[in-house]
Amino acid sequence: MIDIPVEDFVFVVCALIGGALLLVTVLLDDILGAVFDFDIGGVSLMPLVLSFVAMFGVGGLFATQVLDVHGGQAAIVGTAFGLVGMGIAYGLFSILRRAQSEEPFSIGDLVGDTAFVSVGIPAGRYGSVLVKKEGQTHEYSATASTEIAVGSSARVIGVAGNGLIVEPIAEEMIDRA
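In this report, we go over the structure that sits alongside the text. (Residues numbered from 1 in each chain as written. Predicted model: local features only at pLDDT ≥ 70, side-chain atom pairs only at ≥ 80, totals over all residues. Heavy atoms only, no water.)

## Quick word on the pairing of strand 7 (residues 163–168)
Next up, step 1: Bridge analysis of strand 5 (residues 136–143) against strand 7 gives 2 bridges, and the strand direction is parallel. When the sheet's bridge partners are listed, Ala142 is paired in strand 7 with Leu164.
Next up, step 2: Bridge count between strand 6 (residues 153–160) and strand 7: 6 bridges; the pairing is antiparallel. Counted as the bridge partner of Val159 is Leu164 from strand 7. (Pairing = 2+ DSSP bridges. Helix = DSSP H or I, 4+ residues; strand = E, 2+ residues; numbered from the N terminus.)

## What about the packing of helix 1 (residues 6–27) against helix 3 (residues 45–65)?
Next up, step 1: The interhelical angle for the contact between helix 1 and helix 3, taken along N-to-C directions, is 150°, at an axis separation of 7 Å. In this view, helix 1 runs roughly antiparallel relative to helix 3, as classed from their interaxial angle. Note that helix 1 runs across helix 3; the crossing there is left-handed.
Next up, step 2: Looking at the contact of helix 1 with helix 3, its residues break down into 14 nonpolar, 8 polar and 2 charged. (Axes fitted to C-alpha atoms, helices over the stretch in contact; angles between N-to-C directions. Parallel < 35°, antiparallel > 145°, perpendicular 65-115°, else oblique. Left-handed = near helix turned anticlockwise from the far one by under 90°. Nonpolar A, V, L, I, M, F, W, Y, C, P; charged D, E, K, R; others polar.)

## What to know about unusual backbone geometry
Next up, step 1: In this model, Asp68 sits at a positive phi of 55°, which is unusual for a non-glycine residue.
Next up, step 2: As for its placement among the helices and strands, Asp68 is situated in the loop between helix 3 and helix 4 (72–99).
Next up, step 3: Positive phi is not limited to glycine here, since Glu134 has a value of about 55°.
Next up, step 4: Mapped onto the elements of the fold, Glu134 is located in the loop between strand 4 (126–133) and strand 5.

## Thoughts on the packing of aromatic side chains
Next up, step 1: For the structure shown, the criterion picks out 3 aromatic pairs.
Next up, step 2: A centroid spacing of 6.3 Å and a plane angle of 20° characterise the contact between Phe52 and Phe56, whose relative ring orientation is stacked. Here Phe52 and its partner Phe56 are both found in helix 3, 4 residues apart, which amounts to about one turn of the helix.
Next up, step 3: Residue Phe56 is classed as buried on the basis of its relative accessible area of 17%.
Next up, step 4: Consider the rings of Phe62 and Phe81, whose centres lie 5.5 Å apart with planes at 35°: the pair is tilted. With Phe62 in helix 3 and Phe81 in helix 4, this pair connects stretches of sequence that are 19 residues apart.
Next up, step 5: Classification of Phe62 by relative accessible area gives partly exposed; the value is 34%. (Phe/Tyr/Trp six-rings, centres within 6.5 Å; stacked < 30°, edge-to-face > 60°. Buried < 20%, exposed > 50% of the residue type's maximum accessible area, 1.4 Å probe, protein only.)

## Notes on the pattern of salt bridges
Next up, step 1: A complete count under the given rule lists 1 salt bridge for this structure.
Next up, step 2: Among the ionic pairs, Lys133 bridges to Asp113, the shortest N-O distance being 3.4 Å. With a gap of 20 residues between them, Lys133 in strand 4 and Asp113 in the loop between helix 4 and strand 3 (114–119) connect regions that are remote in the sequence. (Salt bridge = Lys/Arg side-chain N within 4 Å of Asp/Glu carboxyl O.)

On their own, these measurements won't tell you what the molecule is for.
Below, the structure is given as structure tokens:
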């Protein structure tokens, strides 16, 4: 029978379980993020804790196997490794968080915007409009209660499924703007 010191067993368990759970957290962050909704400076608390636990185990094993220190001294080395690992995880997750883009706009965000009628809109039927949003021009089907001619400007007043509900803008209002 193999005789494994208890401290080595504890360090191996910390390294394996902490590392495995850290990997699961990184891969399933969107699912687990709602469960563990605590963060420090925009970084979720869970990867920080798990990186500490994993690196504590690695540091403790390093202390017992390489440095040949045991007990409290091995725990101090493990704690130092854990804090360094947690700092590295914090830095990496901070960089990843800053690299995320903002949520794209939704079709509902277009309400109140001005649209250019590209395909005439008969009363109660569908045509097409062009709307500028976030530096790009987007084309949507649109309907209106009154007829709107090609080349006219319209204001988006609502959303109907994947299309827009628009109303004509009086020419005088466009000239004043």
